[in-house]
Amino acid sequence: MATSAGSWKGLERMSVEQLKAVKEQGDLEVNLLQESLSNIRTATTRLEIASSALNDLSLRPQGNQILVPLTASLYVPATLHDSQHVLVDVGTGYFIQKTMPQGKHYCDRKINLLKSNFDQLLEVASKKKNVADEAGVILQAKLKQLESSS
Amino acid sequence: MNRRRSELRNAMSSSNLRDLQRELENKANDLSKLQKEIAKNHQMRKKYTVQLGENELVLKELDLLKDDANVYKLIGPVLVKQDLAEANANVRKRIEYISAELKRLDATVQDLEEKQNSKKDTILKLQQRIQSFQAGKGKA
């Protein structure tokens, strides 16, 4: 609360032009952070889908009949050769062969990492939003003051 | 005679003013080019930072593996089996390269920003000169 009051005092001293600049900058940063948060959410969802797919696959015995998607609307019949190993895309074109438990562990680790990043970003975004909102409120007050004085 | 002299003075001062305004326009164009260059560099820096982060994550994953782990590299549409040590070395080399590029970009951006600041100062001084010129003409 003390920091908020301090920032409020700092904003109070600013000119209308400076306040406009602060608000614009704040809004821009908040938008960028929101975009990043959205990307993290998408990535987390993808990893959760992968994790549940691994879970589903581990329950199927070897030799099980499956349909493999070649495109979004074209599937070919196949037989499950090995349900104990998976290839994991770790980024920059590298794939690592892992066992089912290792694959699940990888997904869980990544999900936890993304969630912690998400929480940190959310905190930063809310602080930036507060500053931008404060600047907006003070700006409106100053503009009204200028109107009434003129 | 005096009128002729004052006419000459006016003509000279207006041509001086025109020169100053032309100079200001040129400097403003230069500043605009610099700002575009800075924006382009920032964009490249962002791209390299993302790549660096991704490569560091890959390196962490490779460091967790045992020596007998199967690692594959996607080359075009084909997965090619690769030795773990080789993959490790490749990723490290790439990290070194990207880090060096980032350092170079940082230096470039710093240099461009210094140039931008000096250009801004020059423009400010020119504007002040033009204003004082116009004020002088107004008094005359």
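Criteria and cut-off values
- Residues numbered from 1 in each chain as written.
- Chains lettered and ligands numbered in written order.
- Predicted model: local features only at pLDDT ≥ 70, side-chain atom pairs only at ≥ 80, totals over all residues.
- Heavy atoms only, no water.
- Helix = DSSP H or I, 4+ residues; strand = E, 2+ residues; numbered from the N terminus.
- Areas by Shrake-Rupley, 256 points an atom, 1.4 Å probe, with all protein chains shown as cover.
- Rg over C-alpha atoms; globule rule 2.2 N^0.38 Å.
- Buried < 20%, exposed > 50% of the residue type's maximum accessible area, 1.4 Å probe, protein only.
- Contact = heavy atoms within 4.5 Å.
- Lys, Arg positive; Asp, Glu negative; His and termini not counted.
- Charge placed at Lys NZ, Arg CZ, Asp CG, Glu CD.
- pLDDT = per-residue confidence, 0-100.
- Pairing = 2+ DSSP bridges.
- Axes fitted to C-alpha atoms, helices over the stretch in contact; angles between N-to-C directions.
- Patch = residues over 30% accessible without salt bridge, like charges linked within 9 Å, V, L, I, M, F, W, Y side chains within 5 Å.
- Salt bridge = Lys/Arg side-chain N within 4 Å of Asp/Glu carboxyl O.
- Buried area = accessible area lost by both parts, 1.4 Å probe.
- Core = buried A, V, L, I, M, F, W, Y, C linked by side-chain atoms within 4.5 Å.
- Phe/Tyr/Trp six-rings, centres within 6.5 Å; stacked < 30°, edge-to-face > 60°.
- Lys NZ or Arg CZ within 6 Å of the ring centre and 35° of its normal.
- UniProt positions renumbered as here; feature names shortened; annotations may be inferred.

## Examining the overall build of chain B
Phase 1: Scanning chain B from N- to C-terminus turns up 2 helices and 2 strands.
Phase 2: Each helix (α) and strand (β) of chain B, taken in turn from the N terminus, gives the series α-β-β-α.
Phase 3: When the accessible surface of chain B is summed, it comes to about 10,200 Å², and 51% of that surface belongs to carbon and sulfur atoms.

## A few points about the overall build of chain A
Phase 1: Each helix and strand in chain A was counted, giving 3 helices and 4 strands.
Phase 2: Its C-alpha atoms give chain A a radius of gyration of 26 Å, more than 25% over the compact-globule value 15 Å for 150 residues.
Phase 3: Projected onto its principal axes, the C-alpha positions of chain A cover 85 × 35 × 25 Å.
Phase 4: Expressed as a percentage of its 150 residues, the buried residues of chain A come to 27%.
Phase 5: At a minimum sequence separation of 6, the contacts of chain A that also span at least 24 residues come to 57%.
Phase 6: With an accessible surface of roughly 10,000 Å², chain A has 57% of that area assigned to carbon and sulfur atoms.
Phase 7: Mean positive and mean negative side-chain charge positions of chain A (17 and 16 charges, respectively) differ by 3 Å.

## Some remarks on the confidence of the model for chain B
Close inspection of predicted coordinates is inappropriate in any region flagged by low pLDDT.
Phase 1: Averaged over every residue, the pLDDT of chain B is 83; the share at 70 or more is 88%.
Phase 2: At the level of individual helices and strands, chain B shows its lowest average pLDDT in helix α1 (residues 2-63) of chain B, which scores 80, and its highest in strand β1 (residues 71-75) of chain B, which scores 92.

## Some thoughts on the sheet that holds strand β2 (residues 78-82) of chain B
Phase 1: If you trace the 4 strands from one edge of the open sheet to the other, you get β3(A)-β4(A)-β1(B)-β2(B), paired in antiparallel fashion. Two strands bound the open sheet, and with one partner strand each, they are β3 (85-91) of chain A together with β2 of chain B. Between one strand axis and the next, the sheet turns by 35° as a mean value, whatever way the strands run.
Phase 2: Pairing of β1 of chain B with β2 of chain B involves 5 bridges; the strand directions are antiparallel. From the neighbouring strand, L74 of chain B faces β2 of chain B, where its bridge partner is L79 of chain B.
Phase 3: Helix α3 (residues 100-149) of chain A contacts β3 and β4 (94-99) of chain A of the sheet and is inclined by roughly 125° relative to β4 of chain A.

## Describing a nonpolar patch on the surface
Residues and elements named next belong to chain A.
Phase 1: Together, V68, L70, L74 and V76 line one region of the surface with nonpolar side chains, adding up to about 300 Å² of accessible area.
Phase 2: Taken together, the elements giving at least two residues each to the nonpolar patch come down to β1 (65-71) and β2 (74-79).
Phase 3: The exposed category is assigned to L70, whose relative accessible area is 54%.

## Some words on the interface of chain A and chain B
Phase 1: Each partner contributes to the interface: chain A provides 14 residues, whereas chain B provides 19 residues.
Phase 2: Together chain A and chain B conceal approximately 1,500 Å² of surface at their shared face, both sides included; 59% is due to carbon and sulfur atoms.
Phase 3: If you sort the residues of chain A by the area they bury against chain B, T92, Y94 and F95 of chain A come out on top, with a joint share of 45%.
Phase 4: Seen at the junction of chain A and chain B, the total is 2 salt bridges.
Phase 5: Notably, a salt bridge pairs K110 of chain A with E61 of chain B, separated by 3.9 Å at the nearest N-O pair.

## A closer look at the nonpolar core
Phase 1: V90 and Y94 of chain A together with L62, L65, V71 and V91 of chain B are the most contacted members of the largest nonpolar core, which has 32 residues in total.
Phase 2: Secondary structure elements with two or more residues in this core: α2 (16-58), β3, β4 and α3 of chain A together with α1 and α2 (84-139) of chain B.
Phase 3: By size, the runner-up hydrophobic cluster in this structure holds 7 residues, among which are L17, L24, L126 and I130 of chain B.

## A look at the packing of aromatic side chains
Phase 1: Applying the stated criterion across every chain yields a total of 0 aromatic pairs over all chains.
Phase 2: A cation over an aromatic ring shows up here: K47 of chain B above the ring of Y48 of chain B, its NZ or CZ 5.9 Å from the ring centre.
Phase 3: Its guanidinium or amino end placed over the ring of Y94 of chain A, K73 of chain B lies 4.8 Å from that ring's centre, counting from NZ or CZ.

## Considerations on the UniProt feature "coiled-coil region" (unreviewed entry) in chain B
Phase 1: UniProt annotation of "coiled-coil region" (unreviewed entry) refers to residues 10-41 and 95-129 of chain B when read in the numbering used here.
Phase 2: The span residues 95-129 of chain B is 100% helix and 0% strand, and its two end C-alpha atoms sit 51 Å from each other.

## Points about the pattern of salt bridges
Phase 1: Considering all chains together, one arrives at 11 salt bridges over all chains under this definition.
Phase 2: Through salt bridges with shared partners, one network takes in R109 and K110 of chain A together with E61 of chain B.

## Thoughts on the pairing of β4 of chain A
Phase 1: Where β3 of chain A lies against β4 of chain A, 6 bridges are found, and the strand directions are antiparallel. Pairing of V88 of chain A across the sheet is with I96 of chain A, part of β4 of chain A.
Phase 2: The turn joining β3 of chain A and β4 of chain A, which pair antiparallel and follow one another in sequence, is formed by 2 residues; a positive phi near 50° is taken by T92 of chain A.
Phase 3: Two elements, β4 of chain A and β1 of chain B, share 3 bridges in a ladder whose sense is antiparallel. Residue pairing across strands places F95 of chain A opposite Y72 of chain B, the latter belonging to β1 of chain B.

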